[in-house]
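Report on the structure
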Amino acid sequence: MPQRRARRTRRLETHCAALARSREPFSKKGLYVETLLAKPPQDSDSVLKMTRLIPQRLRFILLLAYLVLLCVLSFVALGVWIPPFDGRGLWLYSGVYAFLVGALLESPTHVRPAQAFSFSALAALGILGIGLSGQTELSPTAETVLGACLALEVGILASAALAMLLYGRTSGKVLERAGKTGYLLSSSLGRPGIVSFPPFLFAIVAFHSNSARESLLLTLGWSVLVFARPLDWLVDIVSRLSAVWGVSSESLFLGTVIGHSVPGVLTIRQRGTADVEPGTALLVPGEDGIPNVAMALNYVGKADGLWLKALQLDLSPELKGKIPSAIIAGDECARISDANLISALEAGGVSALRDRYRLIGLVAPGTDTKTLHVEVVRTGGLSEGSLLQVKIGHADVLYQLLDGFTKEDILERKSTRGFVLAKARKIGTWDEDSRGFKPVKWVPEPNTPVFRLSEGEGPEPDGRAVGYFPRTSYPVRVSTSDLVTHNTAVLGILGVGKTFLALELVERVILGDVRVIVIDLTNEYENELTPYVDADRQERVVRHLQEIGTAGKTNVQRNVEAGGSIQQFASAVNELVERFLEPTETARMLTINPNMFEVWRQDSKPYNDQASMATLTAAEITRIFSEAALEAVQKQGMVEYARCCLVYEEAHSLVPEWNAVAYEGDKAAANGTARAILQGRKFGLGCLLVTQRTASVTKTILNQCNTVFAMRVFDATGMGFLANYIGEDYADVLSSLPDRHAVVFGKASSCSDPVLIRANERSAFLQAARETRPEVWTDHSEGR
């Protein structure tokens, strides 16, 4: 209770502050508000008081009805239907405007200083016009009452003028307090009921005191008609009864509230067995005593009826004025069946109700700045990778669902209930200008509703997207320059779309005006990327290198290192790569299959012009091309952008880990390749490493891959390695990833945190990249 009272007081303080700034009625329609602008007391009920109000059209009709009743009162008391326009009619003419017109039409919710000034000025003029006209000699008692009444009206006038002059328009302490005092007095004393009383009192004392019958009848009639306002009461009772007994009832009785969970969650004991779907709009008792709207969540138990959880919605006072208050009493709850009322609430900005069909649960304990825990109330459409939306402040923040697990709660009478908790990682808020996500560095409030994004929901498809969040059109972009200069790895088992993803990345790099040297044991890149391959030149290059390599078999030298064809082959490769990387060169891709070359190495000193010979392994040939690329870019100087990308397909064979080598020389070869990659970044050289066996690739290079695309893997070593990059929660989903899905993280990604994406369809990418070829497909490096 103390927490609820404190929360209500804070909310009411905010309302009062907003009212003080605007000096406008707190609500224009549907509610009656009294506001104290001094420091709110501990009892928040004395700060803000609300009752139902009749619509304006009906209030005008009531005004006419009251005038008729006052004319009847005049006939009964004075014998005339219309009082004379002198002192004997002052009780009606001055008081009717000051009270009935003011209370019913001018200020039904709140009195502003300007209204208080107008009301009191008219009342004072009425008193002065009659009291000082000289038509009737006033008794000493009447003169005393005249002075007191004028003093009260003048005091209200002065306080209203003070408020209009000083309130909110000065910074001095004394003047500021004077303005607040004037505002408080004018808004309290300037109400129609108080302003209209002095003219009435003066009229009774001055002009009707000689007739006890007139005084008694007028006083009783005025009190009943004006202060009790029986017609208002009658209309309110009739509207409540018609709401209860009417044919088009706005709701159906559901049950009673038996529990509260702060903030905003109710437990309702439901009568009957009818199922209430999650998201159903309910009428519930509000914390401020005014009926409120809640949204049904899920059933949590059964004891003397079904237990239903519901989330109270945060409604504005204007929307609360549209809620039927006669349907429920006390802790009763009802189901809202009026579609017009629900539409009005949705149109009024109640997003939780508008999106109720996408509701999946509430923010649960354990949520932190990176991870969201959700108590799931509806599981339809959820799966790993789904995007969830929840408000943090006023921002719609997206999270990606990664895991789910069951938990159990203890209810009363040793009963328990099982439920599902979902775990999601924060992505951020979508920024259309940058076509990316911005981080939000805080947590959502407890019990905030969580929604699932609908199928296909999101922005327009993006040509620069390497993939999309599953079942949405939210894109994840990549920077081709960062892909290269900071190295990239594509990891995953056979048959999950790893090579197609790598082919797309290579093509994006080529379209980004970066030269690509593909070292591929499968020849797949040459076949798939034929538009970028000069077949004739490729054939000449391969034939030339093959001739140089084969000739070394008979090249026996006394200097063992000079024997074979290693030096001649390396020299030819250096010349080839240097020419390929010249800025004026038109070719953009060079593919090399190390298995196509027979490069000889002399292994022993000659004897009778004979020596043992061995061919270089794929890893050793890879080292030659890598070191040649480094030497070529070093000659061109340092740059900030990418110049050349080395693609290592089947990297576990080209740059193996030391404990996975087939030949002893592969250790030195892998170290040489790694050294070239480590030194190449400042000169625009980087690599794209593609492998299905993470454990068998040298970690010297793998640890330098600043961007990782992790697809489905099963081996514990690979998952453990990737957990250091993408976190344990994302690493845990790798074994169950569908085909063409990957967890992406790193410098080249448009998302600052790891995300699970659905890779592009190969056919769709090819159509866009090769047929339309829009500029947005790649980020061309600047400063060249």
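Keep in mind the model is a prediction, meaning the values are calculated, not measured.

**Things to note about the pattern of salt bridges**
What the rule picks out here adds up to 24 salt bridges. If you follow the salt bridges from partner to partner, you end up with R354, D355 and R358 in one network.

**Topic: the sheet that holds strand β16 (residues 488-491)**
Across the sheet, which stays open at both edges, the 10 strands sit in the order β15-β14-β25-β24-β23-β16-β22-β21-β17-β18 with mixed pairing between neighbours. At either end of the open sheet lies a strand with only one pairing partner, and these are β15 (475-477) and β18 (589-592). Neighbour-to-neighbour, the strand axes of the sheet open up by a mean angle of 25 degrees, direction not taken into account. Two elements, strand β17 (residues 515-519) and β18, share 4 bridges in a ladder whose sense is parallel.

**Thoughts on the state of the cysteines**
Within this structure, the stated rule accounts for 0 disulfides. Sulfur of C644: no disulfide; nearest cysteine sulfur belongs to C645 and is 7.0 Å away. The thiol of C705 is not disulfide-bonded; the next cysteine sulfur, from C687, is found 4.8 Å away.

**Observations concerning the packing of aromatic side chains**
Counted according to the given criterion, the structure contains 9 aromatic pairs. Summarising the aromatic geometry, the rings of F75 and W81 are spaced 4.4 Å apart at their centres and angled 15 degrees between planes, so their arrangement reads as stacked. Given the relative accessible area of 38%, F75 is considered partly exposed. For W81, a relative accessible area of 49% puts it in the partly exposed group.

**Overview of the pairing of β16**
Burial of the side chains of β16 extends over both faces: T488 and V490 are buried on one face and A489 and L491 on the other. When β16 meets strand β23 (residues 707-710), the two strands line up parallel, connected through 4 bridges. Along β23, the bridge assignment pairs A489 with V708. As paired strands, β16 and strand β22 (residues 685-691) are joined by 4 bridges and run parallel to one another. Residue pairing for β22: A489 is matched across the bridge by L689.

Conventions used here
Residues numbered from 1 in each chain as written. Predicted model: local features only at pLDDT ≥ 70, side-chain atom pairs only at ≥ 80, totals over all residues. Heavy atoms only, no water. Salt bridge = Lys/Arg side-chain N within 4 Å of Asp/Glu carboxyl O. Pairing = 2+ DSSP bridges. Helix = DSSP H or I, 4+ residues; strand = E, 2+ residues; numbered from the N terminus. Axes fitted to C-alpha atoms, helices over the stretch in contact; angles between N-to-C directions. Disulfide = S-S within 2.5 Å. Phe/Tyr/Trp six-rings, centres within 6.5 Å; stacked < 30°, edge-to-face > 60°. Buried < 20%, exposed > 50% of the residue type's maximum accessible area, 1.4 Å probe, protein only.

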